[in-house]
Amino acid sequence: APDPPPAQHLFSDPAEIEALRGSLLAWYDKCKRDLPWRTLAATEPDADRRAYAVWVSEIMLQQTQVATVIDYYNRWMQKWPTLQALAQASLEEVNELWAGLGYYSRGKRLQEAARKVVSELAGRMPRTAEDLQKLLPGVGRYTAGAIASISYGQATGVVDGNVIRVLCRLRCIGADSSSPAVIDRLWDMANALVDRSRPGDFNQALMELGATVCVPKAPLCGECPVKQHCRARRRKLFGKPAPVPDVEDCGVGGCALCPPATEPWDSSLGVTNFPRKAVKKQPRVARTATCVLERRGCHGAPEYLIVQRPSSGLLAGLWEFPSLPLAQGLQEEKQREALADHLRAWTGWPVVAGGLRLIGEVVHIFSHIHQTYVVYSLPLDGHVTLDPALSPSRWVTEEEFHASAVSTAMKKV
């Protein structure tokens, strides 16, 4: 087993832990943001309904900012106020409401888990973090901890991006914060710190601190309720103390939590020396030819053809304009021919490359893909029927398009 980290990286003094808890909770009670899921969690007397409200918010907040989530959350809870209501919804309805929020598999897994609770768990939510993670698809360690602590009062910690930043600064943890070894230590720390009488409030306070005060850049250290416990701030204010060994000297002994010797403390960065992350992998570059097929509807308004994506993979189950992945380095003339061939094979219509009009390019950045859509248009005359054996497809007006389960990328197109 690896050697335990030096005590300087840990919270080992019971008096300090109690003081930190008290300061953080007092700040949270005074300064917490008014968010709809917090209001529901605080006012809903039924624990399972409370858990559902928290669960939806935590899934939506994954990789998405609070300001973006609020409207989606309010619409979701109005449409499906209970887990049982969500279980009866269709995936198409879920995708339509989720459209624009990104990471679409989240909504799908949320509905799958709701159906599992209703059909296999007699409509009762699991009540511990361990069971939530084990029994519900799409619920990981963090989400399980958040639901269990906020809704059921389980004294279990949580570790998300905000908590990682706060804990790394509090204890000068400068090793790669995405590494399993560091993450395990942070979970140990979160579980040791969580307030036993108010675990849900404490966890929300820790996350709130990271979201509003201990932010990635230009943190508001002067307003921090736990600044007296922050070793990164002490390091910034007083420099390297001597001759007493401190956390900055741990690396001499190969400490697994210290900054690597190749990336020493940078005094100009102050507390933002922490956390350290591994170099992010560059997104894959991809190009796709997309064709907006247009016809005149029965009332004279233009209609556009959209097709449904496969039920698995990127943007699963969403609708889009007919599209074709392109090989890198393909000249525009070849792109046009490839798209015309694709449309002919798919529709059986006599599409010619010369009939496709190049509109322009749209760039959309997914988390792991730098995607460029090369957009063409093709007006069609007369009535067109589609082979029902092909991919699901339908003609929609512009208004119907925006109400459909389409991605932000397609709205850009």
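Residues numbered from 1 in each chain as written. Predicted model: local features only at pLDDT ≥ 70, side-chain atom pairs only at ≥ 80, totals over all residues. Heavy atoms only, no water.

In the annotation of an unreviewed UniProt entry, the entry for the chain reads Adenine DNA glycosylase, and the organism field reads Ciconia maguari. Of the comments in the UniProt record for the chain, the one headed Catalytic activity (unreviewed entry) reads "Hydrolyzes free adenine bases from 7,8-dihydro-8-oxoguanine:adenine mismatched double-stranded DNA, leaving an apurinic site." (UniProt positions renumbered as here; feature names shortened; annotations may be inferred.)

Could you give an account of the domain arrangement of the chain, with specific residues and numbers?
Here the chain is described as being made up of domain 1 (7-213) and domain 2 (284-412). Computed over C-alpha atoms, the centres of domain 1 and domain 2 are 38 Å apart. Carbon and sulfur atoms supply 47% of the area that domain 1 and domain 2 bury against each other, a total of about 790 Å² over both sides. Considering only the surface of domain 1 that becomes buried against domain 2, Glu 92, Asn 95 and Tyr 104 emerge as the three largest contributors, covering 51% of it. Close ionic contact of Arg 394 with Glu 92 constitutes a salt bridge, the shortest N to O distance being 3.8 Å. No other element matches helix α6 (residues 91-98), which puts 3 residues into the side of domain 1 that touches domain 2. Residue composition of the side of domain 1 that touches domain 2, grouped by class: 3 nonpolar, 2 polar and 3 charged. (Domains from an automatic or database assignment. Buried area = accessible area lost by both parts, 1.4 Å probe. Salt bridge = Lys/Arg side-chain N within 4 Å of Asp/Glu carboxyl O. Helix = DSSP H or I, 4+ residues; strand = E, 2+ residues; numbered from the N terminus. Nonpolar A, V, L, I, M, F, W, Y, C, P; charged D, E, K, R; others polar.)

Pulling in residues and values, what's your account of the UniProt feature "domain: HhH-GPD" (unreviewed entry) in the chain?
Cross-referencing UniProt, the feature "domain: HhH-GPD" (unreviewed entry) maps to residues 60-212 in the present numbering. With 67% helix and 0% strand, residues 60-212 has its two end C-alpha atoms placed 19 Å apart.

Please give an account of helix α11 (residues 180-193) that cites residues and values.
The terminal C-alpha atoms of α11 lie 20 Å apart, and with 14 residues this matches the ideal 20 Å at 1.5 Å per residue to within 8%. Looking at α11, one finds that the buried residues are Val 182, Leu 186, Trp 187, Met 189, Ala 190 and Leu 193. The buried side chains of α11 occupy one side of the element, clustering within an arc of 165° when seen end-on. In α11, the exposed positions angled more than 90 degrees off the buried face are occupied by Pro 180 and Ala 181. Buried residues in α11 make contact with α1 (14-31), α9 (141-152), α10 (161-170) and α12 (199-212). (Expected span 1.5 Å × (residues − 1). Buried < 20%, exposed > 50% of the residue type's maximum accessible area, 1.4 Å probe, protein only. Arc of directions from axis to C-beta. Contact = heavy atoms within 4.5 Å.)

How would you summarise empty space enclosed by the protein if you had to cite specific residues and measurements?
Applying the stated rule across the entire model yields 2 cavities of 30 Å³ or more. Roughly 130 Å³ of volume is contained in the largest cavity. Forming the boundary of the largest cavity are 15 residues, of which Arg 169, Cys 214, Cys 221, Cys 224 and Cys 230 lie nearest the centre. At 3 residues, α10 tops the list of elements feeding residues into the lining of the largest cavity. Across the lining of the largest cavity, the residue classes break down as 12 nonpolar, no polar and 3 charged. Contributions of two or more residues to the lining of the second largest cavity are made by α3 (47-61) and α7 (105-120). Ranked by residue count, the leading element in the lining of the second largest cavity is α7, at 3 residues. Here the residues of the lining of the second largest cavity are counted per class, giving 5 nonpolar, 2 polar and 2 charged. (1 Å grid on protein atoms, 1.4 Å probe; cavity = no way out; pocket = protein on both sides within 12 Å on 5 of 7 lines; lining within 4 Å. Points joined across faces, edges and corners; volume = space filled by probe spheres on them.)

Go over α9 with me, naming the residues and quoting the values.
Its 12 residues place the ends of α9 16 Å apart at the C-alpha level, agreeing with the 16 Å of an ideal helix rising 1.5 Å per residue. Burial analysis of α9 places 11 of its 12 residues in the buried class, the great majority of the element.

Give me the packing of helix α2 (residues 36-43) against α3: which residues, what numbers.
Running from amino to carboxyl end, α2 crosses α3 at an angle of 160°, the nearest separation of the two axes being 8 Å. The angle between α2 and α3 falls in the class roughly antiparallel. In this structure, α2 crosses over α3, and the sense of that crossing is left-handed. Taken together, the residues of α3 that come into contact with α2 (itself represented by Trp 37, Leu 40 and Ala 41) are Arg 50, Ala 53, Val 54, Ser 57 and Leu 61. Grouping the constituent residues of the contact of α2 with α3 by class yields 6 nonpolar, 1 polar and 1 charged. (Axes fitted to C-alpha atoms, helices over the stretch in contact; angles between N-to-C directions. Parallel < 35°, antiparallel > 145°, perpendicular 65-115°, else oblique. Left-handed = near helix turned anticlockwise from the far one by under 90°.)

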